[in-house]
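# Descriptive structure summary
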Amino acid sequence: MSYVNYITETFKKLTSIDGPSGFTANSADFCINEFKALGYDAKKTVKGGVIVSLGGKDKENGLLLSAHLDTLGGMVKSIKSNGRLRISAVGGFTANNVEAENCKVYTRDGKVFTGCFQLDNASTHVNKDYNTTARTFDTLEVVLDTLSTSKEETIKDGISVGDFVCVDPKTVITETGFVKSRFIDDKMSVAVILGIAKYLKDENITPNRAIYAHITVYEEVGHGACGTMPEGVTEMLAIDMGCVGDGLTCTEREVSICAKDSRGPYNYEMTSRLIELAKKHELRYAVDIYPMYGSDCDAALGAGYDIRHALIGTGVYASHGYERTHIDGIDATFELTKAFILE
């Protein structure tokens, strides 16, 4: 039975819930409810992530699966004299790929406003410097869909510094199997882990070793997996996005196995086992080095946990922008994760 449909449908539900780092409570609640609907006792960590046991026998040689729920986004940095907003980026959010994108502003008292990212003085018929202006969050503003024309009116509407600004994910699945959306990194991997949880329940499988899942909520700002390591875990498999780009071999139709990222090599033994399993099960896969990348495994090791670590994920093009993957890569990621659990 293929679990790709369940994974992609769950992914669409996840992307409908805005959740940049620091604003993930609703996304975490969705995951807890989904795990509970599958029959698991998922709990929210003090930090706001989700931790759950997926069962298993050997509790002294546990495996932790991790994926992160938090996304890129922004916070209101200041309100301009014309009532529009300047933002401060959350994570690796870049101005170059959000210009002319719709967004929402969430206030602390529960109001939601819509708007759009635009270059200052965005009309090309008026602005002679339109084509040469560098796109930064000092030159882009959020144009609110309100009647405000002043700082005072915007404040009166209820918008304040520190409110979260979330960009429209624009999730699309094509007839050819491509998934296009913001935040495939890493809501797709969260959906993969939920697919694994569903598979284990559907087939009534008890793995030979204890399996846990940790859905983290601060990965994009570097400290997602710095806490909450279940007792007895000896290995951590981060399921995140696989890089697609110049100099790399992975495509969107493959599962990527990361040998090294910007912080150093992944565990040799664990990575080698993943490669052998991909070969054994005849999966579409690639092995790559990610030149500008860090993962929840890096955060966990930095926090001092004594574990082996590895990283896989479906190939994703245009990372941290309007991303694209394919159902073949999603399926290969699911199958490799399943094989690793059951080996």
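This text goes with the structure placed above it.
Residues numbered from 1 in each chain as written. Predicted model: local features only at pLDDT ≥ 70, side-chain atom pairs only at ≥ 80, totals over all residues. Heavy atoms only, no water.

## Details of the overall build of the protein chain
Heads up, the condition is: Labels follow the DSSP assignment, with helices taken as runs of H or I lasting at least four residues and strands as runs of E lasting at least two, numbered in each case from the N terminus. Using C-alpha atoms as the atom set, the radius of gyration is obtained and then compared with a globule rule of 2.2 Å times the number of residues to the power 0.38. Any residue under 20% of the maximum accessible area for its type is buried, any over 50% is exposed, and the rest in between are partly exposed; the area is computed with a 1.4 Å probe on protein chains only. Contacts were defined at the residue level, with two residues in contact if any of their heavy atoms lie within 4.5 Å. The accessible surface values rely on the Shrake-Rupley method and a 1.4 Å probe; as for residues, cover is taken only from the protein chains in view. The charge count includes Lys and Arg as positive and Asp and Glu as negative, but it does not include His or the ends of the chains. One atom stands in for each charge, and that atom is NZ of Lys, CZ of Arg, CG of Asp or CD of Glu.
The helix and strand tally for the protein chain stands at 7 helices and 19 strands. Here the C-alpha atoms of the protein chain give a radius of gyration of 21 Å, agreeing with the 20 Å that 2.2 N^0.38 yields for 343 residues. Going through the 343 residues of the protein chain one by one, you find that 57% of them count as buried. The contacts of the protein chain with a sequence gap of at least 6 include a subset with a gap of at least 24, amounting to 76%. Surface accessibility of the protein chain: about 14800 Å² in total, with carbon and sulfur atoms responsible for 49%. One finds the centroid of the 36 positive side-chain charges in the protein chain at a distance of 3 Å from the centroid of its 47 negative side-chain charges.

## What about the layout of surface pockets?
Remark: the empty space left among the atoms is shown by a probe the size of a water molecule rolled over them. As a reminder, the rule being used: Grid points spaced at 1 Å over the protein atoms alone were grouped into cavities, where a 1.4 Å probe fits but cannot get out, and pockets, open sets with protein on both sides within 12 Å along at least five of seven lines, with lining residues defined by an atom within 4 Å of a point. Grid points are joined across faces, edges and corners, and a volume is the space filled by probe spheres set on the points. For this classification, the nonpolar set comprises Ala, Val, Leu, Ile, Met, Phe, Trp, Tyr, Cys and Pro, the charged set comprises Asp, Glu, Lys and Arg, and every other residue, Gly included, is treated as polar.
Taken as a whole, the largest pocket holds about 520 Å³ of empty space. Around the largest pocket, the lining is made up of 29 residues, and of these Met292, Tyr293, Gly294, Ser319 and His320 lie nearest the centre. Mapped onto the lining of the largest pocket, the elements with two or more residues apiece are strand S14 (242–244), helix H6 (296–302) and strand S18 (308–317). Of the residues belonging to the lining of the largest pocket, the class tally is 13 nonpolar, 9 polar and 7 charged.

## Describing the nonpolar core
For soluble globular proteins, nonpolar side chains are generally found buried alongside one another. Filter applied, for reference: Here, nonpolar core means buried Ala, Val, Leu, Ile, Met, Phe, Trp, Tyr and Cys residues that are tied together by side-chain atoms lying within 4.5 Å of each other.
Counting residues in each nonpolar core, the largest one holds 77 residues, and the members touching the most others are Ile7, Phe35, Leu54, Leu65, Leu237 and Leu336. When residues of this core are assigned to their parent elements, the largest contribution, 11 residues, is made by helix H4 (residues 184–202).

All we've got here are geometric facts, nothing functional implied.
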